[in-house]
Amino acid sequence: MKKIAVFPGSFDPFTVGHESIVLRALDMFDEIIIAIGYNSEKKGFFPIEKRIKWIEKVFEKTPKVKVLSFEGLTVDFCKQHNAKYLLRGLRTSSDFEFERAIAQMNKKILPEVESVFLLTSPENTPISSTIVREIYKHGGNISEFIPKNMIIE
Ligand code: ADP
């Protein structure tokens, strides 16, 4: 059976930290679905269609990686796509506490899905979409924090 992992997040925007997690997980799975979660009542900063297009460009030469969006529970999305793994990145101990609670709750709701965590590469530890977004909003240069072939337009 195909090993499918879902990498869920807001990716508002996708950063080199996210890219690195996906690249390092490539060997572990047959398919990775980058799943952009959205809430119709709480709009993100970058439009969802653009976020999808930009990430698709980053992985255009990597057929194992798909980019989709979803609304609702991540575990329901996993079920719909036959994914048995949830991929997440860990930067700090506060990430750990947050991720632990979510993963344990997800396990209660859908026991057959296993959460898999990769520790961030040290150089990516301070990178977060929130900070990258703030730099962008104030006209700063974000090119070193987003994937090389990702063009924000
Ligand atoms: P969410 O809104 O669900 O926190 P994000 O888009 O912020 O989504 O992040 C998605 C996943 O990527 C989370 O598991 C997060 O911990 C991880 N992540 C975010 N930034 C980095 C980074 N710099 N290095 C490694 N993992 C990261």
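Throughout what follows, the structure given in this document is the object of discussion. Quantities reported herein were computed from a predicted structural model and do not represent experimental measurements.

The side chains of a regular strand alternate between the sheet's two faces. For strand β2 (residues 31-37), the buried fraction is high: 6 of the 7 residues fall into the buried class. Bridge analysis of strand β1 (residues 4-9) against β2 gives 6 bridges, and the strand direction is parallel. Its bridge partner lying in β2, V6 is registered against I33. Handedness of the crossover joining β1 and β2 through helix α1 (residues 16-25): right-handed.

With that settled, consider helix α5 (residues 129-137). Looking only at α5, the buried set comprises S129, V132 and R133. The buried residues of α5 occupy an angular sector of 100° when the element is viewed end-on, so they sit on one face. At its buried positions, α5 is contacted by α1. Immediately beyond the C-terminal end of α5, within one or two residues, lies G139, with a positive phi of roughly 80°.

Read across the open sheet, the 5 strands follow the order β3-β2-β1-β4-β5; overall the sheet is parallel. Edge positions in the sheet fall to β3 (65-70) and β5 (114-119), since each has one partner strand and no second. On average, each strand axis in the sheet is tilted by 30° relative to the strand beside it, whichever way the strands run. Taken together, the 6 bridges between strand β4 (residues 85-90) and β5 define a ladder with parallel strand orientation. Considered in β5, the bridge of R88 is made with F117. Most of the contacts of helix α4 (residues 93-109) go to β4, to which it runs at about 170°, and overall it touches β4 and β5.

Its boundaries defined by the atoms lining it, the largest pocket holds a volume of some 1000 Å³. Along the wall of the largest pocket there are 40 residues; nearest its centre are G9, S10, F11, D12 and S129. Counting only elements with at least two residues in the lining of the largest pocket, the list comes to β1, α1, α2 (48-58), β4, α4 and α5. Across the lining of the largest pocket, the residue classes break down as 13 nonpolar, 16 polar and 11 charged.

Parameters at a glance
- Residues numbered from 1 in each chain as written.
- Predicted model: local features only at pLDDT ≥ 70, side-chain atom pairs only at ≥ 80, totals over all residues.
- Heavy atoms only, no water.
- Buried < 20%, exposed > 50% of the residue type's maximum accessible area, 1.4 Å probe, protein only.
- Helix = DSSP H or I, 4+ residues; strand = E, 2+ residues; numbered from the N terminus.
- Pairing = 2+ DSSP bridges.
- Right-handed = clockwise from strand over helix to strand, strands pointing away.
- Arc of directions from axis to C-beta.
- Contact = heavy atoms within 4.5 Å.
- Axes fitted to C-alpha atoms, helices over the stretch in contact; angles between N-to-C directions.
- 1 Å grid on protein atoms, 1.4 Å probe; cavity = no way out; pocket = protein on both sides within 12 Å on 5 of 7 lines; lining within 4 Å.
- Points joined across faces, edges and corners; volume = space filled by probe spheres on them.
- Nonpolar A, V, L, I, M, F, W, Y, C, P; charged D, E, K, R; others polar.

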